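So you can see what is in the structure, the chains are spelled out below.
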Amino acid sequence: MTSLSNQGLARFNASEDSAAQTALHEVCASSAWGSKILAQRPYASTEALFEASDAAMAELTADDLAEAMADHPPIGRPKPGDPTSSREQSGMAGASEALKAEMLELNLAYQEKFGHVFLICATGRTGEQMRDAVRERSDNTPEQEREIVRTELGKINRIRLTRLVELAEEEKSA
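Computed from a predicted structure; not experimentally measured. The residue numbers shown here count from 1 along each chain, following its written sequence. Only residues with pLDDT of at least 70 get local features here, since the model is predicted, and only at 80 or more are side-chain atom pairs given and counted; chain-wide, interface and lining totals rely on the full set of residues. To obtain the side-chain values, all non-hydrogen atoms of the structure were included, while hydrogens and water were left out.

**Side note on the overall build of the protein**
Put simply, the rule reads: Numbered from the N terminus, helices here are DSSP runs of H or I no shorter than four residues, and strands are runs of E no shorter than two. A simple rule labels every residue: compare its accessible area, found with a 1.4 Å probe on the protein chains alone, to the largest value its type can have, and call it buried under 20%, exposed over 50%, or partly exposed in between. Pairs of residues are marked as contacts when any of their non-hydrogen atoms sit within 4.5 Å. Note on areas: Shrake-Rupley, 1.4 Å probe, and residue coverage restricted to the protein chains presented here.
The helix and strand tally for the protein stands at 9 helices and 0 strands. In the protein, the succession of helices and strands from N to C terminus is α-α-α-α-α-α-α-α-α. Buried residues in the protein amount to 43% of all 174 residues. Looking at the protein alone, contacts between residues at least 24 apart form 70% of all its contacts between residues at least 6 apart. A total accessible area of about 9000 Å² is found for the protein, and carbon and sulfur atoms account for 51% of it.

Shown next as structure tokens:
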């Protein structure tokens, strides 16, 4: 991931604050996270951007995490018309109707217990792997689950930041 174009990162660094804030909100809905990332621009490298993201994620409060999670759709039900959630949850696209129904049931039970959607970095995972993860994590305490969610959000943010910087480069060359 560190081989991203320096030009794409430079474009992100030079973008207007309002445009950068909007783009960062698409990466992570936590306003605290976005503000911390925005305030540290310019970034010397994509690794520095990732490190800032990880540090900002580590500092998020429970309310900040809730704000970040509120923008994530349940696994197996990406937001209609949202290419990001559809792409990230592509492992569920070919799942059987039985697996989709089971995921809905598991998602609802998880949400009832923890008060938020089951959040996992779904990129590259099969429907069965996501089902197994929600089953396993349902036995966690709320505190354990909050830290797992923090880790999973960090992974998602890195993937989305990579795409953000790559898209900045693609837009420049278009």
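Once the structure has been displayed, the description carries forward.
**Concerning unusual backbone geometry**
Where the residue is not glycine, phi is negative for most of them; where a peptide bond is considered, it is trans in most cases. Put simply, arginine 41 and proline 42 share a cis peptide bond, and its omega is 5°. Residue position: proline 42 is located in the loop between helix 3 (31–39) and helix 4 (46–59).

**Observations regarding the environment of tyrosine 110**
Within the secondary structure, tyrosine 110 is located in helix 7 (residues 97–114). In the structure, tyrosine 110 is positioned 29 residues away from aspartate 139 in sequence and 9.4 Å away in space, judged by C-alpha atoms. Residues in contact with tyrosine 110, not counting those within four places in the same chain, are Gly115, His116, Val117, Phe118, Val134, Arg137, Ser138, Glu145 and Val149.

**Some points on helix 8 (residues 127–137)**
This is how it is decided: As used here, the arc is the angular range of directions from the helix axis to the C-beta atoms.
Along helix 8, the positions that sit buried rather than exposed are Gly127, Met130, Arg131, Ala133, Val134 and Arg137. Taken around the axis of helix 8, the buried residues stretch over an arc of 160°, which confines them to a single face.

**Focus: the packing of aromatic side chains**
Rule in force here: Only rings of Phe, Tyr and Trp enter the pairing, Trp through its six-membered ring, and a pair is recorded when the two centres are within 6.5 Å. The plane angle decides the type: under 30 degrees is stacked, over 60 is edge-to-face, the rest tilted.
Applying the stated criterion to the full structure yields 2 aromatic pairs. Where tyrosine 110 meets phenylalanine 114, the ring centres are 4.6 Å apart and the plane angle is 45°; that geometry is what we call tilted. With tyrosine 110 and phenylalanine 114 both in helix 7 and 4 residues apart, this pair spans about one turn of that helix. On the basis of relative accessible area, phenylalanine 114 is assigned to the buried category, the value being 13%. Each ring, one from tyrosine 110 and one from phenylalanine 118, has its centre 5.2 Å from the other, and the planes form 80°; the classification is edge-to-face.

**With respect to the pattern of salt bridges**
Keep this limit in mind: Salt bridge criterion: a side-chain nitrogen from Lys or Arg within 4 Å of a carboxyl oxygen from Asp or Glu.
Under the criterion given, the structure shown has 12 salt bridges. Among the salt bridges present, the one from aspartate 132 reaches arginine 135, with a minimum N-O distance of 3.8 Å. Linking aspartate 132 with arginine 135, this pair stays in helix 8, spanning 3 residues, or about one helical turn. The class of aspartate 132 is partly exposed, set by a relative accessible area of 37%. Overall, arginine 135 belongs to the partly exposed group, its relative accessible area being 39%. Its salt-bridge partner being arginine 137, residue glutamate 145 comes within 2.4 Å of it at the nearest N-O pair. Each member of the pair, glutamate 145 as well as arginine 137, is classed as buried.

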